[in-house]
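Report on the structure
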Amino acid sequence: MGMEIGKLILAFMVLINPFSALAIFLDLTRNNSTRERKKVAQIASLSVFIVIAVFAFSGNWILRLFGISTGAFQVGGGLLVFLIAISMMSAGSNPAKPEIGVEESNEITVKPKHPTQSAASVAVVPLAIPMMIGPGGISTVVIYASAAKSLHDTLFIVAAGAIISIICFITLLAASKISNVLGETGLTILNRIMGMLLAAVSVEIVVAGLKGLFPQLAG
């Protein structure tokens, strides 16, 4: 699996999908000033980048520690990503991200921020982790990190993470405008399109893993 930065950005974009966190961001920061919202967006986006960078450099070490082959992890991670894609296309809950305050009416409700709770804590949990980058995103970073053949490839992963973090920051800053323009229907359609793209990414990951496990398939 080559380290093409375009594919990396696509994979991270559809997995992290900052648009899916807009409702929670708006609810968590509804009593905050514009400056405070910007700070939350900055910390959340930086947290996403740090997670990607950490697992980009430690992916191979983690697999070696547990004695897991790259091919096996690619197949397992690819299947997890495919399940996420299916849930996105069917407008179901994400099996790799917890449901936060989902009522019987399926309306998303988030408990208001405690007066003493800092912007940093809200931004890191639950906004950045696990709402934007959860198990699926981390697994994908490890998959690409394990397939990296040089430091150059690893830096590609980190660069893609930096670009996605910037996109997350811009998206969160414009959360109100995006929600007003797209509305609930527009966000649902966008989420399903993301799911279709993610399904294609997951298939490619699984195929790469199968080729690693069964080299004769590449012939």
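Numbering of residues starts from 1 in every chain and runs along the sequence as written. A pLDDT threshold of at least 70 governs which residues receive local features in this predicted model, and a stricter bar of 80 or more applies before side-chain atom pairs are shown or counted, although totals over entire chains, interfaces and linings include all residues. Side-chain numbers come from the whole structure's heavy atoms, not from hydrogens or water.

Counting its regular elements, the chain contains eight helices and zero strands. Mapped in sequence order, the helices and strands of the chain form the string α-α-α-α-α-α-α-α. For the chain, the residues scored as buried account for 42% of the 219 residues in total. Long-range contacts, defined here as pairs at least 24 residues apart, represent 86% of the contacts in the chain between residues at least 6 apart. Surface exposure of the chain reaches about 11,200 Å², of which carbon and sulfur atoms provide 66%. Secondary structure elements are defined from DSSP: runs of H or I of at least 4 residues count as helices, runs of E of at least 2 residues count as strands, and each element is numbered from the N terminus. The classification of residues rests on relative accessible area computed with a 1.4 Å probe and restricted to protein chains. Under 20% of the type maximum is buried, over 50% is exposed, and intermediate values are partly exposed. Contacts are assigned to residue pairs that have any heavy atoms within 4.5 Å of one another. Residue-level accessible areas treat just the shown protein chains as cover; the underlying method is Shrake-Rupley with a 1.4 Å probe.

With that settled, consider the UniProt feature "transmembrane region" (unreviewed entry) in the chain. UniProt positions are given in the numbering used here, feature names are shortened, and annotations may be inferred rather than shown by experiment. With numbering aligned to this structure, UniProt lists the feature "transmembrane region" (unreviewed entry) at residues 6-28, 40-59, 65-86, 119-143, 155-175 and 196-214. The annotated region residues 6-28 carries 78% helix and 0% strand content, and the separation between its end C-alpha atoms amounts to 32 Å. Between the first and last C-alpha atoms of residues 196-214 the distance is 27 Å; the span itself is 95% helix and 0% strand.

Here we take up the nonpolar core. Residues belong to a common nonpolar core when they are buried Ala, Val, Leu, Ile, Met, Phe, Trp, Tyr or Cys residues joined through side-chain atoms within 4.5 Å. With 43 residues, the main nonpolar core has Ile-16, Met-132 and Ile-157 as its most contacted residues. Only helix 1 (5-16), helix 2 (22-28), helix 3 (34-66), helix 4 (70-89), helix 5 (119-132), helix 6 (135-147), helix 7 (151-173) and helix 8 (175-213) provide two or more residues apiece to this core.

A fitted line through C-alpha atoms serves as each axis, taken over the contacting stretch for helices, and the angle formed by two N-to-C directions is quoted from 0 to 180°. Remark: helix 1 packs on helix 8, axes separated minimally by 9 Å, with the N-to-C direction vectors making an angle of 125 degrees. It follows that helix 1 is oblique to helix 8 by the angle criterion. Helix-helix and strand crossings are classified by hand; for helix 1 and helix 8 the assignment is left-handed. For the pair formed by helix 1 and helix 8, the contact residues are Lys-7, Leu-10, Ala-11, Met-13, Val-14 and Leu-15 on the first element and Met-194, Leu-197, Leu-198, Val-201 and Glu-204 on the second. When residues are grouped by polarity, Ala, Val, Leu, Ile, Met, Phe, Trp, Tyr, Cys and Pro land in nonpolar, Asp, Glu, Lys and Arg in charged, and all others, Gly among them, in polar. Here the residues of the contact of helix 1 with helix 8 sort into nine nonpolar, no polar and two charged. By the definition adopted for this analysis, an angle is roughly parallel if under 35 degrees, roughly antiparallel if over 145, roughly perpendicular if from 65 to 115, and oblique otherwise. Crossing chirality is assigned from the near helix's rotation relative to the far helix, an anticlockwise turn below a right angle marking it left-handed and a clockwise turn marking it right-handed.

The subject of this paragraph is unusual backbone geometry. Cis geometry marks the peptide bond from Val-125 to Pro-126; its omega dihedral reads 10 degrees. Among the secondary structure elements, Pro-126 is positioned in helix 5. Note that the residue after Ile-129, namely Pro-130, is joined by a cis bond; omega there is 10 degrees. Looking at the element boundaries, Pro-130 is found in helix 5. Despite not being glycine, Asn-17 shows a phi value in the positive range, around 40 degrees. Mapping Asn-17 onto the fold places it in the loop between helix 1 and helix 2. Given a relative accessible area of 3%, Asn-17 falls into the buried group.

A pair is scored as a salt bridge if a Lys or Arg side-chain nitrogen falls within 4 Å of a carboxyl oxygen belonging to Asp or Glu. The final tally for this structure, using the stated rule, is two salt bridges. One salt bridge connects Lys-7 with Glu-204, and the closest N-O pair in it is separated by 3.3 Å. Residue Lys-7 is located in helix 1, and its partner Glu-204 is located in helix 8; the two are separated by 197 residues in the primary sequence. On the basis of relative accessible area, Lys-7 is assigned to the partly exposed category, the value being 35%. Between Arg-30 and Asp-27 there is a salt bridge; the shortest N-O distance is 2.2 Å.

A separate point is the side chain of Thr-154. Following the sequence through the fold, Thr-154 ends up in helix 7. Sequence-distant contacts of Thr-154, defined by excluding residues within four places in its chain, comprise Ala-56, Phe-57 and Ala-148.

Let us now look at the packing of aromatic side chains. Side-chain rings of Phe, Tyr and Trp, where Trp is taken by its six-membered ring, are said to pair if the distance between their centres is within 6.5 Å; with planes under 30 degrees apart they count as stacked, over 60 as edge-to-face, and otherwise as tilted. Tallied over the entire structure, the rule returns one aromatic pair. Note on Phe-12 and Tyr-144: the rings are 6.5 Å apart at their centroids and 85 degrees apart in plane angle, and the pair reads as edge-to-face. You can see Phe-12 sitting in helix 1 and its partner Tyr-144 sitting in helix 6, a full 132 residues away along the chain. For the pair Phe-12 and Tyr-144, one class covers both residues: buried.

The next thing to look at is the environment of Thr-140. Mapped onto the elements of the fold, Thr-140 is located in helix 6. The class for Thr-140 is buried, based on a relative accessible area of 0%. For the pair formed by Thr-140 and Leu-8, sequence separation is 132 residues and the distance between their alpha carbons is 9.4 Å. Once you skip the residues sitting within four places of it in the chain, Thr-140 turns out to touch Ala-11, Phe-12, Leu-15, Val-81 and Ile-205.

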